[in-house]
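Understanding the architecture of this molecule
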Amino acid sequence: MTVDAAPHDPSPPIRVLLAEDQVLVRDSLKVLIDTTPGLATVGEAGTGAEAVLLARQRRPDVVLMDVRMPDMDGIEATRRICAHPDSAGVRVLILTTFDLDEYVYASLRAGASGFLVKNATAAELLAAIRVVAVGEALLAPSATRRLIAEFLRGAHPAPVVRDLGDITQREREVLTLIGNGMSNSEIAEHLHLTVGTVKTHVGRLLAKLHARDRAQLVIAAYEGGLVTIPDGRR
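1. Overview of the pairing of strand 4 (residues 91-96)
- The element strand 4 is largely enclosed, with a buried count of six among its six residues.
- Both faces of strand 4 are covered, namely the face carrying Arg-91, Leu-93 and Leu-95 and the face carrying Val-92, Ile-94 and Thr-96.
- Summarising the sheet, strand 3 (residues 62-66) and strand 4 pair through five bridges and their orientation is parallel. Within strand 4, the residue paired with Val-62 across the bridge is Arg-91.
- You can see the chain leave strand 3, run along helix 3 (residues 74-83) and come back into strand 4, and the turn it takes is right-handed.

Have a look at this one:
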């Protein structure tokens, strides 16, 4: 008689903390996540302060963070989560209405890994959680650039001017193309490099500029003056 080999243990689920002050929305998100294989909620917060506390206590992989919450807004909560050693490595995915919330730029500067518009589909939300959990920026580079540019054109404080430090000329070229919304493969083709070489440059840029992910490299390209926004709206 043969004995079937024991199945491999499945990968642990992606652990998600919900930070949303509207109970109905939070309950809906919880049901969606907890019924999706490979995902699980590990806590719920109704205020920004609760989100910060739970992020430090439970160390989720991803925090779904609403911007407009009582007690402490999502931007400040994101900044505290990303800056504190007890929640180091926790990724924050900002939930925004986009047309009303003028906080995306500030959220990314605070350390968020990306943002999701609240009218996204369930499939888009689940995909976004998985993308952020593995350390990537949420959106395609071009989409990130367009959204950041839209906010920078509005009535917002001028962005901080960033010193790009000791990055090389080639790294400046790569960073400029990232800011212009190009993917790694597009950058490789443009600069006649291999995709692997581009990934190496991106990794060095992340380290030198203390950026958490590609979304923050887009911010760095704007703050460093490598990418400018033409007058007028698209």
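From this point, the discussion proceeds with the structure in view.
2. Concerning the nonpolar core
- One finds Ala-19, Val-63, Met-65, Ile-81, Val-92, Ile-94 and Leu-108 to be the most contacted residues of the largest nonpolar core, which totals 24 residues.
- For this core, the secondary-structure elements that each account for two or more residues are strand 1 (14-19), helix 2 (48-58), strand 3, helix 3, strand 4, helix 4 (104-110) and helix 10 (214-223).
- Looking at this core element by element, the count peaks at four residues for helix 2.

3. Here we look at the side chain of Arg-214
- If you trace the backbone, Arg-214 turns up in helix 10.
- Of note is the side chain of Arg-214, whose polar atom sits 2.8 Å from the side chain of Asn-184.

4. Some thoughts on the sheet that holds strand 1
- Read across the open sheet, the five strands follow the order 2-1-3-4-5; overall the sheet is parallel. Only two strands of the sheet have a single partner each, and these edge strands are strand 2 (39-45) and strand 5 (114-117). Direction aside, neighbouring strands of the sheet carry axes that sit 25° apart on average.
- The pairing of strand 4 with strand 5 spans four bridges and is classified as parallel. When the sheet's bridge partners are listed, Ile-94 is paired in strand 5 with Phe-115.
- Contacts from helix 1 (residues 23-34) reach strand 1, strand 2, strand 3 and strand 4 within the one sheet, and its direction differs from that of strand 2 by about 160°.
- Contacts from helix 3 reach strand 3 and strand 4 within the one sheet, and its direction differs from that of strand 3 by about 155°.

5. A closer look at the environment of Tyr-103
- By the element assignment, Tyr-103 lies in the loop between strand 4 and helix 4.
- With 36 residues separating them along the chain, Tyr-103 and Val-67 place their C-alpha atoms 7.6 Å apart.

6. Re helix 3
- For helix 3, the complete set of buried residues consists of Gly-74, Ile-75, Ala-77, Thr-78, Ile-81 and Cys-82. On an axial view of helix 3, the arc spanned by its buried residues comes to 160°, and they lie on one face.
- Of the residues flanking the start of helix 3, the one acting as N-cap is Asp-73, its side-chain oxygen 3.0 Å from the backbone nitrogen of Ile-75.

Conventions used here
- Residues numbered from 1 in each chain as written.
- Predicted model: local features only at pLDDT ≥ 70, side-chain atom pairs only at ≥ 80, totals over all residues.
- Heavy atoms only, no water.
- Buried < 20%, exposed > 50% of the residue type's maximum accessible area, 1.4 Å probe, protein only.
- Helix = DSSP H or I, 4+ residues; strand = E, 2+ residues; numbered from the N terminus.
- Pairing = 2+ DSSP bridges.
- Right-handed = clockwise from strand over helix to strand, strands pointing away.
- Core = buried A, V, L, I, M, F, W, Y, C linked by side-chain atoms within 4.5 Å.
- Polar contact = N/O pair within 3.5 Å; in protein donor to acceptor, adjacent residues only side chain to side chain.
- Axes fitted to C-alpha atoms, helices over the stretch in contact; angles between N-to-C directions.
- Contact = heavy atoms within 4.5 Å.
- Arc of directions from axis to C-beta.

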